[in-house]
Amino acid sequence: MTFTTSRENYDAFMGRYADRLAPLLIGYAGVQVGQRALDVGCGPGSLTEALGELVGPEHVAAVDPSGPFAAASAERVPAADVQVGTAESLPWPDDAFDVALSQLVVNFMSDADAGVGEMRRVVRPGGTVAACTWDYWGGMTMLRTFWDAALALDPEAWDEARNTRYQDVDSLRGLWLRTGLGAVETDALLVETSYRDFDDYWEPFTGGVGPAGEYCLSLDPDRRAALREECRRRLDDPEGPFTLSATAWAVKGRVD
Ligand SMILES: C[S@@+](CC[C@H](N)C(=O)[O-])C[C@H]1O[C@@H](n2cnc3c(N)ncnc32)[C@H](O)[C@@H]1O
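Residues numbered from 1 in each chain as written. Predicted model: local features only at pLDDT ≥ 70, side-chain atom pairs only at ≥ 80, totals over all residues. Heavy atoms only, no water.

1. Focus: the sheet that holds strand β2 (residues 60–64)
Here is step 1 of the chain: With respect to topology, seven strands assemble into an open sheet ordered β3-β2-β1-β4-β5-β7-β6, the strand pairing being mixed. Since the sheet does not close on itself, it has two edges, and those belong to β3 (81–84) and β6 (182–195), each with one partner. For this sheet, the mean inter-axis angle between neighbouring strands, taken without regard to orientation, is 20 degrees.
Here is step 2 of the chain: Two elements, strand β1 (residues 37–40) and strand β4 (residues 97–103), share three bridges in a ladder whose sense is parallel. When the sheet's bridge partners are listed, Leu38 is paired in β4 with Ala100.
Here is step 3 of the chain: Across the sheet, helix α3 (residues 67–76) is in contact with β2 and β3; its angle to β3 comes to roughly 175 degrees. (Pairing = 2+ DSSP bridges. Helix = DSSP H or I, 4+ residues; strand = E, 2+ residues; numbered from the N terminus. Axes fitted to C-alpha atoms, helices over the stretch in contact; angles between N-to-C directions. Contact = heavy atoms within 4.5 Å.)

2. A short note on the site of the ligand
Here is step 1 of the chain: What surrounds the ligand is a group of 18 residues, the closest being Tyr10, Gly41, Asp64, Glu88 and Gln103.
Here is step 2 of the chain: Contact distances for the ligand include 2.9 Å between a nitrogen atom and a side-chain N or O atom of Glu88.
Here is step 3 of the chain: For the ligand, whose free accessible area comes to 590 Å², the fraction covered by protein is 94%.
Here is step 4 of the chain: Across the shell around the ligand, the residue classes break down as 11 nonpolar, five polar and two charged. (Near = heavy atom within 4 Å. Polar contact = N/O pair within 3.5 Å; in protein donor to acceptor, adjacent residues only side chain to side chain. Areas by Shrake-Rupley, 256 points an atom, 1.4 Å probe, with all protein chains shown as cover. Nonpolar A, V, L, I, M, F, W, Y, C, P; charged D, E, K, R; others polar.)

3. Remarks on the layout of surface pockets
Here is step 1 of the chain: Taken as a whole, the largest pocket spans an internal volume of roughly 550 Å³.
Here is step 2 of the chain: In terms of lining residues, the largest pocket is bounded by 35 residues, among which Phe3, Asp64, Leu104, Val105 and Phe108 are the most central.
Here is step 3 of the chain: When residues of the lining of the largest pocket are traced back to their parent elements, those giving at least two are α1 (7–29), β1, α2 (46–55), β2 and α8 (210–218).
Here is step 4 of the chain: Per-element accounting of the lining of the largest pocket gives the leading share, four residues, to α1.
Here is step 5 of the chain: For the lining of the largest pocket, the per-class residue count stands at 22 nonpolar, nine polar and four charged. (1 Å grid on protein atoms, 1.4 Å probe; cavity = no way out; pocket = protein on both sides within 12 Å on 5 of 7 lines; lining within 4 Å. Points joined across faces, edges and corners; volume = space filled by probe spheres on them.)

4. Points about the pattern of salt bridges
Here is step 1 of the chain: Evaluation of the coordinates by the stated rule reveals 23 salt bridges.
Here is step 2 of the chain: Among the salt bridges present, the one from Arg178 reaches Asp113, with a minimum N-O distance of 2.7 Å. Taken together, the residues span a long stretch of sequence, with Arg178 in helix α6 (residues 169–178) and Asp113 in helix α4 (residues 112–121) at a distance of 65 residues.
Here is step 3 of the chain: With its nearest N and O atoms 3.6 Å apart, the salt bridge here joins Arg196 to Asp200. (Salt bridge = Lys/Arg side-chain N within 4 Å of Asp/Glu carboxyl O.)

5. What about the side chain of Thr133?
Here is step 1 of the chain: Tracing the chain through its elements places Thr133 in strand β5 (residues 123–134).
Here is step 2 of the chain: The buried category is assigned to Thr133, whose relative accessible area is 1%.
Here is step 3 of the chain: A distance of 3.0 Å separates a polar atom in the side chain of Thr133 from the backbone oxygen of Tyr166.
Here is step 4 of the chain: If sequence neighbours within four positions are ignored, Thr133 has contacts with Leu104, Val106, Asn107, Tyr166, Gln167, Leu172, Thr247, Ala248 and Trp249. (Buried < 20%, exposed > 50% of the residue type's maximum accessible area, 1.4 Å probe, protein only.)

6. As for the confidence of the model for the chain
Here is step 1 of the chain: In this model, the chain carries a mean pLDDT of 97, and residues with pLDDT of at least 70 account for 100%.
Here is step 2 of the chain: Element-level pLDDT for the chain is lowest in α8, with a mean of 96, against a maximum mean of 99 in β1. (pLDDT = per-residue confidence, 0-100.)

7. Side note on the packing of helix α5 (residues 141–153) against helix α9 (residues 221–234)
Here is step 1 of the chain: Contact geometry for α5 and α9: axes closest at 9 Å, N-to-C directions at 125 degrees. Taken together, the axes of α5 and α9 are oblique relative to one another. For the pair α5 and α9, the crossing hand works out as right-handed. In this structure, α5 contributes Thr145, Phe146, Asp148, Ala149, Ala150, Ala152 and Leu153 to the contact, and α9 contributes Ala226, Leu227, Glu230, Cys231 and Arg234. (Parallel < 35°, antiparallel > 145°, perpendicular 65-115°, else oblique. Left-handed = near helix turned anticlockwise from the far one by under 90°.)

8. Quick word on the nonpolar core
Here is step 1 of the chain: With 58 residues, the main nonpolar core has Trp134, Met142, Phe146 and Tyr201 as its most contacted residues.
Here is step 2 of the chain: When residues in this core are grouped by element, the largest group, 10 residues, is from α1.
Here is step 3 of the chain: In contact with Tyr201, not counting residues within four places along its chain, are Met142, Thr145, Phe146, Tyr195, Cys231, Leu235, Phe242 and Leu244.
Here is step 4 of the chain: Core analysis: the second largest hydrophobic core is formed by 28 residues, Ala100, Val105, Ala112 and Val123 among them. (Core = buried A, V, L, I, M, F, W, Y, C linked by side-chain atoms within 4.5 Å.)

So, in structure tokens, the structure goes:
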């Protein structure tokens, strides 16, 4: 997966959603002022920054396997403890945090059971482990439009909905229960993002971010142009600004 891009590329594609999702996940998890908080799979730092604004940046830690993303997060929140690493092997001791959050990451972990298990390990008893993932089947309009257009032109197109394990409340609840977390709850988080015009929607795919960007770059120029036109058609050929909504499924549980 392509997560070694710049913050600018990521923000144009997904950061514009992640910035809006972060406060919702923080509120859902019930993070309190002064708590020690961990952001797992921080990317370029949307959630890291939002956590820092609430609990104080010196109380925030973050980790991501992407060097450029970890560097961007560290630049965004200089007082935070930002490390390069994976969820499956977190570089912090047991009980180091009051809360561990992971935004749009569990599907990218090579072993989500191990990753969430590590999040549980580093949170003190009584603390919270929470995460969210996109509703790839329908609620995440930006990606759903892209993959539906891709499938219309290429039935073999790699569709995130068909190739992603954690994308509904049942699969997330199962992961949290398997990890031994208690008081498990799930909910939906809804965000919206505005686009200046169709190019503002399309161009970020050509930055190669994530599975959709990777698929877009794999196409030859003619097929990419056809996909662009199919996306435009499915968005009703917007002339000017438009807004897309995105639903994420969220899960939280208590460390008993
Ligand atoms: C869709 S991005 C989400 C980034 C950020 N949390 C946000 O909300 O913008 C997925 C992130 O998961 C990271 N990632 C991939 N494998 C991971 C792993 N095993 N452990 C932790 N993070 C991982 C990627 O590097 C990438 O930054």
